[in-house]
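# Examination of the molecular architecture
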Amino acid sequence: MLGTEMHNQPAQTLGANFPPEQVRDELARILASNSFRATPRRRRLLEYIVEEVLAGRGHMLKGYAIGLAVFDRKADFDPQADAVVRLEARRLRHDLDGYYAGDGAKNRLRIMVPKGQYNPLFCLQHPEEDAAVAPEPPDRDEGSMQPLPPAPRWHRPRMLFWSVFVLALSGILVWNMYFIYREKGWDTGLAQAGSRPAVAVLPFVAISSEPDQERVAIGVSDRIATALSTYPDYVVFLSPFDSSASNDDDYIERADKRGIRYLVEGRVQTEGQSFAVNAFLVDTRTKQILWSKTYLTELGEAGLMETQTDIAKEIATEVSQPYGAIRTEVTRGAKTAGPNISGSFRCVLEGYAYRRDFSRQGFNALSPCLEKAVVQDPGYAEAWAMLAWVRLDGGRFGYLQNPDKMDIYGSALTAAANALALDRTEILGLKAMSSINHYMGNFAESEDYARQALALNPYDPDSLAQLGWRLSTRGRFDEGIPYLNAAIARTASAPGWYYYLIAVDDYLDGNYREMLNAAEHSAVDRSGFGLSLLATAYGALGNQKLATDTLSKMAVVDPEFNRDPAGFYRSQQATEEIVEALMAGLEKAGWKPPSNRAAGG
């Protein structure tokens, strides 16, 4: 399990350095004490956030992830609209204060949940040190990178700590080859970027001079750059010029001349008690707006920082997700880009294109490319992760002749493990681990990896869809379908497989017209599975002609699937109830085993 190697590391805080067993002992004392008057779910919240930090996953402690893990919220949970996490965290702070005013007053170690964050703080409980203890800074995507106003004298230690934190964060970003440069660093950054597309985030413009509005504009642009930098296929810059200082063509042309391919820009304005953030993605070569969206948000209890962070995450994901604006544009041009895109990076890009339809032709071209890529660039985590997917497909789709699927899955597992050894936060690697374990029958491990991937980026549609698929194939439709719907809602052009299990769920519920709508989307990839769902929908609705035509197309497009649909459904680890229902639907649509049809013809 990711993060288990960190369980034996000390829990470090501002005031002390505690071994995990000491922290767990203190947690046990709290939970057993009558002075700790928390409700069962606040106890569960405390256990969860402490264990996440001890496991090295403190960066995942966001309102969305906690809502799903602790408070049983669904995939469409909105922390801004549903304040359960914030309210319960506030009450938990009071519960802890009550404990340390009573039974825990003399304890050496104190567990705190500082206001404004969910990461617990472990500190020495000495009166003479209390005044100097400040909360840890928020995680990298929550901390402000902007200069703060002059602080009162008693806040100077905190300002010093923030400075150290920002320097440490900068080191991490450089170490991971995520480059955020000001003007003098552009040429250096572009030289080091190699073939990766360059993206510049312009300072967002405040429509008025209201202080809050200007703060939102400044914070959003910096946070978008930080969020974008977590996608290793792009080199990210903070723009050195103000997009409001000259006309649009001027700064777009200036960026293009410097080798910046994409610009993210935006406007912020006040509408009543809400802020409106308008964001755009521009291709500097064509001056075309590739993507745009308007976000409306209120500055409620969550505060300005959380609002900026949430907007920035969503914009970054919309732009950079596997089927997002930049990836689509780059993938489209990869095959004609000649030497401008390196072999390893090209293979990864083509891998995303392949994963829209999983065709045998795509597999045959991609597999040797990726095998070569990891030899040439053994430190390229995403290439290892994509190779893990391709090796898995060789077994689950029968593209490789090796009859021992577990042997194939083992080689895929090795590739995924290599990806995570290089980068424990490689989301594609986590999703590959989830899928491989699913096909090996390790369903609990599969779900765990899928949830880890989603916790790293709750806005990633592919992570939502992966988890939804895993849950739904095992018959847990009530849990899985909301994730799939959320993935579709966040994707401009969702691949067909996002719709497969939605169609299956509609069929099992007898909602045949709804099934037809989902099946029509699922069949766009022209896979045997998608076409079988479309034929089943037509058959259930009594349209025999279209059912027959679709079955004929299925036999031509995917003859291996047509020979044994039940075997394919079972190979996806679908429950027997699902397999039997789908086979009954196919037979009603007119499907017969090929040998019988040939004999009858």
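The structure reproduced in this document is the subject of the present report.

What counts, and at which threshold
Residues numbered from 1 in each chain as written. Predicted model: local features only at pLDDT ≥ 70, side-chain atom pairs only at ≥ 80, totals over all residues. Heavy atoms only, no water. Core = buried A, V, L, I, M, F, W, Y, C linked by side-chain atoms within 4.5 Å. Buried < 20%, exposed > 50% of the residue type's maximum accessible area, 1.4 Å probe, protein only. Contact = heavy atoms within 4.5 Å. Helix = DSSP H or I, 4+ residues; strand = E, 2+ residues; numbered from the N terminus. Expected span 1.5 Å × (residues − 1). Salt bridge = Lys/Arg side-chain N within 4 Å of Asp/Glu carboxyl O.

Bringing the nonpolar core into the picture now. Core analysis: the biggest nonpolar cluster contains 123 residues, and L46, V50, I66, I111, L533 and Y569 have the highest contact counts within it. Discounting chain neighbours no more than four positions away, the residues touching L46 are L27, I30, L31, F36, L92, L96 and I111. With 18 residues, the next largest nonpolar core counts V268, V277, A279 and L281 among its residues.

In a regular helix each residue adds 1.5 Å, so 13 residues correspond to 18 Å; helix α16 (residues 427–439) covers 19 Å between its end C-alpha atoms and thus fits that length. By the criterion of burial, α16 is predominantly enclosed, with 13 of the 13 residues buried. Of the residues one or two after α16, G441 is the one with positive phi, at around 90°.

Turning next to the pattern of salt bridges. Per the stated rule, a full pass over the model turns up 19 salt bridges. For D97, the salt bridge is made with R110, and the minimal N-O distance between the two is 3.4 Å. On the criterion of sequence distance, the pair formed by D97 in helix α4 (residues 84–101) and R110 in strand β3 (residues 109–112) is long-range, its members being 13 residues apart. Between E265 and R267 there is a salt bridge; the shortest N-O distance is 3.5 Å.

Here we take up the side chain of E447. Relative to the helices and strands, E447 resides in helix α17 (residues 443–456). For E447, a relative accessible area of 19% gives the class buried. In contact with E447, other than residues within four places in its own chain, are L467, L471 and R476.

A separate point is unusual backbone geometry. Backbone geometry at D72 places phi at a positive 55°, although glycine is not the residue there. Along the polypeptide, D72 turns up in the loop between α3 (63–69) and α4. In this structure, K287 takes a positive phi of about 60° despite not being glycine. Within the secondary structure, K287 sits in the loop between β9 (274–283) and β10 (288–298).

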